[in-house]
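Chain residues, written in single-letter form:
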Amino acid sequence: MALYAAEGIVLGARNWGEADKIMTVFTRKQGLLRAAAFGCRRPRSPLAGAMQMFVHADLQIAEGTRLETIKTASVRAHHAKISLDLTALAYATFVAEVIREFLPEGVSDEAFFDRLTHILKAFETRNPRVTALAAVLQTLAAAGLQQSYERCLHCGAPITDDAFFLTREGGALCADCRMEGAQDFPAELRELLLGLESFDWENPAPLRVRGSTLMTAESLVLAHVQELVGHPLRALTFLAQLE
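Everything numeric in this text was worked out from a predicted model, so none of it was measured. (Residues numbered from 1 in each chain as written. Predicted model: local features only at pLDDT ≥ 70, side-chain atom pairs only at ≥ 80, totals over all residues. Heavy atoms only, no water.)

Peer 1: Break down the nonpolar core for me, with residues and values.
Peer 2: Ranked by internal contacts, the top residues of the largest apolar core, which has 60 residues, are Leu193, Val221 and Val225. By residue number, the principal contributor to this core is helix H2 (residues 86–102), which donates nine residues. Ignoring anything within four residues of it in the chain, the contact list for Val221 reads Leu133, Val136, Leu137, Leu140, Gln147, Tyr149 and Leu193. In terms of nonpolar packing, the next biggest core, distinct from the first, is built from 17 residues, Tyr4, Leu47, Ala57 and Ile70 among them. (Core = buried A, V, L, I, M, F, W, Y, C linked by side-chain atoms within 4.5 Å. Buried < 20%, exposed > 50% of the residue type's maximum accessible area, 1.4 Å probe, protein only. Helix = DSSP H or I, 4+ residues; strand = E, 2+ residues; numbered from the N terminus. Contact = heavy atoms within 4.5 Å.)

What follows is the structure, given as structure tokens:
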């Protein structure tokens with residue numbers, strides 16, 4: 001079996017057998033991949049520390065016909081603060097689930113990998129709810145599944161003021177194209193969504209967010225995510241229990 005090196009971030013794990021795990025890792029060069037980590041659930045396993053959620057590690061991986069195998073792992077960052085804050089953990093887990101659902105396996109996206117490293121750092125220091133919403137919006141954009149906020153879905157006119165939003169079509173409507181089922185889409189909400197979608201994690205600008213606007217933005221994006229996925233996301237159940 002050929003070995004290759006990979007820099008990766010753990011975004012999912014499920015138990016397999018008596019002491020093993022199947023890991024989902026987002027890597028810099030190979031994108032999302034699944035790999036077996038044999039024996040990592042044993043306390044003395046050299047893999048045990050690295051096979052935890054949100055760990056950023058350098059990996060040695062063996063190619064397999066059906067499944068890769070993680071042979072060695074050297075931790076770069078643990079992001080331990082996330083696991084110590086239940087709210088941050090819940091929102092970060094939600095972001096990880098969205099990434100697993102929407103980014104394709106085996107497709108490299110180095111820009112998004114770098115962004116993800118900053119997102120995880122932000123979960124340790126910033127408002128986890130705002131951080132998660134920005135991360136989900138940017139994940140959808142990376143997957144080509146973003147909603148349309150700046151132009152009318154039907155006529156293409158620029159949206160510059162208060163408008164309307166049609167959730168089932170994933171975009172804004174101008175006043176002339178308003179139709180049944182469209183909800184109000186105030187300029188403040190649009191500006192928040194656009195600001196989070198383009199949020200610069202390395203050079204973050206101050207964000208002033210009204211709670212009611214944040215909740216509306218979150219509802220709008222979650223409805224889009226649920227429609228795209230077609231089944232309940234497990235992380236949302238965790239979030240609902242917290243609230």
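Peer 1: Go over the packing of helix H4 (residues 128–142) against helix H5 (residues 187–197) with me, naming the residues and quoting the values.
Peer 2: Here H4 crosses H5 at 75 degrees, and the two axes come no closer than 8 Å. Accordingly, the angle class assigned to the pair H4 and H5 is roughly perpendicular. In contact with Val130, Leu133, Ala134, Leu137 and Gln138 of H4, H5 contributes Leu193, Leu196 and Glu197. Residues of the contact of H4 with H5, tallied by class, amount to six nonpolar, one polar and one charged. (Axes fitted to C-alpha atoms, helices over the stretch in contact; angles between N-to-C directions. Parallel < 35°, antiparallel > 145°, perpendicular 65-115°, else oblique. Nonpolar A, V, L, I, M, F, W, Y, C, P; charged D, E, K, R; others polar.)

Peer 1: Tell me about the sheet that holds strand S3 (residues 31–37), residues and numbers included.
Peer 2: Spatially, the five strands close up into a barrel ordered S1-S2-S3-S5-S4, and their pairing is mixed. Within the sheet, the average angular offset between the axes of one strand and its neighbour, ignoring direction, is 50 degrees. Pairing between S3 and strand S5 (residues 68–77): two bridges, direction parallel. Across the sheet, Ala35 pairs through a bridge with Glu68, a residue of S5. Running at roughly 110 degrees to strand S1 (residues 3–16), H2 makes contact with S1, strand S2 (20–27) and S3 of the sheet. (Pairing = 2+ DSSP bridges.)

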